[in-house]
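Chain and residue survey
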Amino acid sequence: MGEPDLIEKVLTKIPFMVSIAYVTDETTEFADIVLPDHTELERYELSTSVRRALSKSFLATSLRQPVVEPLHNTMDISEILTELAERVGFLDKYNISVNEQLGLVDPFKLDPGRKYVWTDIVDRHCKSATKGAYDLEWFKQNGAIVEGIDPAVSIASTRPWWPKN
């Protein structure tokens, strides 16, 4: 994380710290509670509008999916956050935030107050990102949508089904 002495000085000033992590680092070493997270090899995640510098002629929407079962008693960070939001009593606001962060659109938005499992949220993200054309099961089988595009053209104009928000 940088200069060890400075990091230690700063972290020891925090009166109570919770870390959600899958590795032991400076933050977890100083945390009062560590909530173990899945690794990238154990989780689902939809990546939208992947357009890297070396592939400006291609645009991808791709699914990260588990290739191994969790080795330990861990949860996906999103499941941890959902559980905390429900227990603390702000699930409504949490779901609204997830809708905004993932760009979920009607009719795939999360309902305030309803607790969702992560795969249901990823399914809604898949549907929102493709305006209902493709769901999580489709992405599990196919992995990604990769399209050739003109580097000078905007993403939104190349995808008629792409969310405009």
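An account of the accompanying structure is given in this report. Here the structure is a predicted model, which means the values were calculated and not measured. (Residues numbered from 1 in each chain as written. Predicted model: local features only at pLDDT ≥ 70, side-chain atom pairs only at ≥ 80, totals over all residues. Heavy atoms only, no water.)

**Digging into the packing of aromatic side chains**
Throughout the structure, instances matching the rule amount to 3 aromatic pairs. Both rings, one in W138 and one in F139, keep their centres 5.0 Å apart while their planes meet at 85°; by these two values the pair is edge-to-face. Taken together, the aromatic side chains of Y134, W138 and F139 make up a single cluster linked through ring pairs. (Phe/Tyr/Trp six-rings, centres within 6.5 Å; stacked < 30°, edge-to-face > 60°.)

**Observations concerning the pairing of strand β1 (residues 18-21)**
Only one face of β1 is buried: it carries S19 and A21, and the other face, with V18 and I20, is open. Pairing between β1 and strand β2 (residues 33-36): 4 bridges, direction parallel. By the bridge assignment, A21 is partnered in β2 with P36. (Buried < 20%, exposed > 50% of the residue type's maximum accessible area, 1.4 Å probe, protein only. Helix = DSSP H or I, 4+ residues; strand = E, 2+ residues; numbered from the N terminus. Pairing = 2+ DSSP bridges.)

**Topic: the nonpolar core**
Counting residues in hydrophobic clusters, the biggest one holds 18 residues, and the most contacted among them are L63 and V122. Those elements that place two or more of their residues in this core are α4 (91-102), α5 (118-129) and α6 (136-142). With 5 residues, α5 is the single largest residue contributor to this core. (Core = buried A, V, L, I, M, F, W, Y, C linked by side-chain atoms within 4.5 Å.)

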